[in-house]
Protein chains: 2
Amino acid sequence: MSTTIRKAVPSDVPLILEFIRALAVYEREPDAVTATEADLLRDGFGPEPYYHCLIAEQDGKPAGFAFYFFNYSTWTGRPGLYLEDLFVNPEFRGFGIGKALLARVAAIAVEKGCPRLQWEVLDWNTPAVDFYAALGASFLDEWRNVRMTGEALERLAALDSTRVEANV
Amino acid sequence: MSTTIRKAVPSDVPLILEFIRALAVYEREPDAVTATEADLLRDGFGPEPYYHCLIAEQDGKPAGFAFYFFNYSTWTGRPGLYLEDLFVNPEFRGFGIGKALLARVAAIAVEKGCPRLQWEVLDWNTPAVDFYAALGASFLDEWRNVRMTGEALERLAALDSTRVEANV
């Protein structure tokens, strides 16, 4: 039994989308994924990619993935590494593949001079919460995540157009 | 009285750092800022900037800022806009400058094809929470923010080195 981790290449895009869909099912949002292969190819493999991806293989078979990008810490004046998705297929759990992916992501953060590795976990996902806590992660429970989408986002954006026109 | 919003330029870096420090004081972490002007200049104004910044001016005086970068939504297959910092100096509050900055950020998100604008708010910052809710934002309280830094991050990264050596 051997686990290998490698950077994703363009031909992995169908696999990446499979992992994204499988993770959405686990997160109880099976219909939330509208991303297409074309989207992931365009945004991850151009000259200025929006994201990076690692693929874990167990004995040559795709077993899991880590999907990340860089954010920025105004306090430290350094980019941080943000882990958007971490997933191991159920049939490959128990081999330490999730930990190996997380360790590789941590190594990339250290290599890139990022003082922080950040991610999110669903509050009901107790095994994951316990796993992260055991590794020495801290939970920033004082902070609430806020999101604006759809009509609310369009309405707010329209306030800016009005202002710009009024100022010209 | 007129508010204008413009993109930050390299000579704004000292001002950006002032805003970051003032926000840290408001967030009850006055000593948390270790970022330097050199850091912010290097990371925000090179060929592939890690962040973007808007400056609001009231009657020509610097009044506030918005500091953002792009993240990525695996569900929608699109970059999202992440607002790291939004701050208006206390003496300039009550003129709608915060809302104007947020509207400009929303307009940039729409222009860039980002289906989501995201940010975080401290749970005790009730005026901000109410303000965002009134604009139609939603709160993703099921998600906990996780962070790994310092020795824990180094320890986790070291697990990867061991593995890589063992595999070679």
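Before reading further, recall that the structure is shown in the block above.
Just so we're clear, the structure is a prediction, and the values are computed from it rather than from any experiment.

Draft legend 1. Broad picture of the environment of Val146 of chain A. Residue position: Val146 of chain A is located in strand β7 (residues 143-149). When its relative accessible area of 0% is taken as the criterion, Val146 of chain A is described as buried. Those residues within four positions of Val146 of chain A in sequence are excluded, and the remaining contacts are Leu117, Gln118, Trp119, Glu120, Val121, Tyr132, Ala137, Ser138, Phe139 and Leu140 of chain B.

Draft legend 2. Spotlight on the sheet that holds strand β1 (residues 3-7) of chain A. Judged by pairing direction, the sheet is mixed, and its seven strands sit side by side in the order β1(A)-β2(A)-β3(A)-β4(A)-β5(A)-β7(B)-β6(A) without closing on themselves. The two strands at the open ends of the sheet, each matched to only one other strand, are β1 and β6 (138-139) of chain A. Relative to strand β5 (residues 116-122) of chain A, strand β4 (residues 78-88) of chain A is paired through two bridges, and the arrangement is parallel. Across the sheet, Tyr82 of chain A pairs through a bridge with Gln118 of chain A, a residue of β5 of chain A. Lying over the sheet, helix α3 (residues 97-111) of chain A contacts β1, β2 (52-58), β3 (61-73), β4 and β5 of chain A, oriented at roughly 165° with respect to β4 of chain A. The sheet contacts of helix α2 (residues 37-44) of chain B involve β3 and β4 of chain A, and relative to β4 of chain A the element is tilted by about 55°.

Draft legend 3. Quick look at the pattern of salt bridges. Enumeration according to the criterion identifies 14 salt bridges over all chains in this entry. Arg42 of chain A serves as the salt-bridge partner of Asp39 of chain A, at 3.3 Å between the closest nitrogen and oxygen. One end of the pair is Asp39 of chain A and the other is Arg42 of chain A, both in helix α2 (residues 37-44) and three residues apart, which spans about a single turn. Classification of Asp39 of chain A as buried rests on a relative accessible area of 7%. Judged by its relative accessible area of 44%, Arg42 of chain A falls in the partly exposed class. Residue Asp141 of chain B is joined to Arg144 of chain A by a salt bridge in which the shortest nitrogen-to-oxygen separation is 2.6 Å. Pair noted here: Asp141 of chain B is in the loop between β6 (138-139) and β7 (143-149) and Arg144 of chain A is in strand β7, and the two residues belong to different chains. Taken together, the shared-partner salt bridges in this structure form one network comprising Asp39, Arg42 and Asp43 of chain A together with Arg78 of chain B.

The rules behind the values
Residue numbers restart at each chain and count upward from 1, following the sequence in its written direction. Working convention: letters from A go to chains and numbers from 1 go to ligands, in the order in which they are written. Only residues with pLDDT of at least 70 get local features here, since the model is predicted, and only at 80 or more are side-chain atom pairs given and counted; chain-wide, interface and lining totals rely on the full set of residues. Side-chain measures here rest on the full set of heavy atoms in the structure, leaving out hydrogens and waters. Runs of E in the DSSP output that reach at least two residues are strands. Runs of H or I that reach at least four are helices, and both are numbered from the N terminus. Exposed residues in this analysis have more than 50% of their type's maximum accessible area, buried residues have under 20%, and partly exposed residues fall in between, with area computed by a 1.4 Å probe over protein chains only. Pairs of residues are marked as contacts when any of their non-hydrogen atoms sit within 4.5 Å. By the convention used here, strands pair only if DSSP detects at least 2 bridges between them. Only the contacting stretch of a helix is used when fitting its axis, a line to C-alpha atoms as for every element, and angles between N-to-C directions run 0 to 180 degrees. We count a salt bridge whenever a side-chain nitrogen from Lys or Arg sits within 4 Å of a carboxyl oxygen from Asp or Glu.

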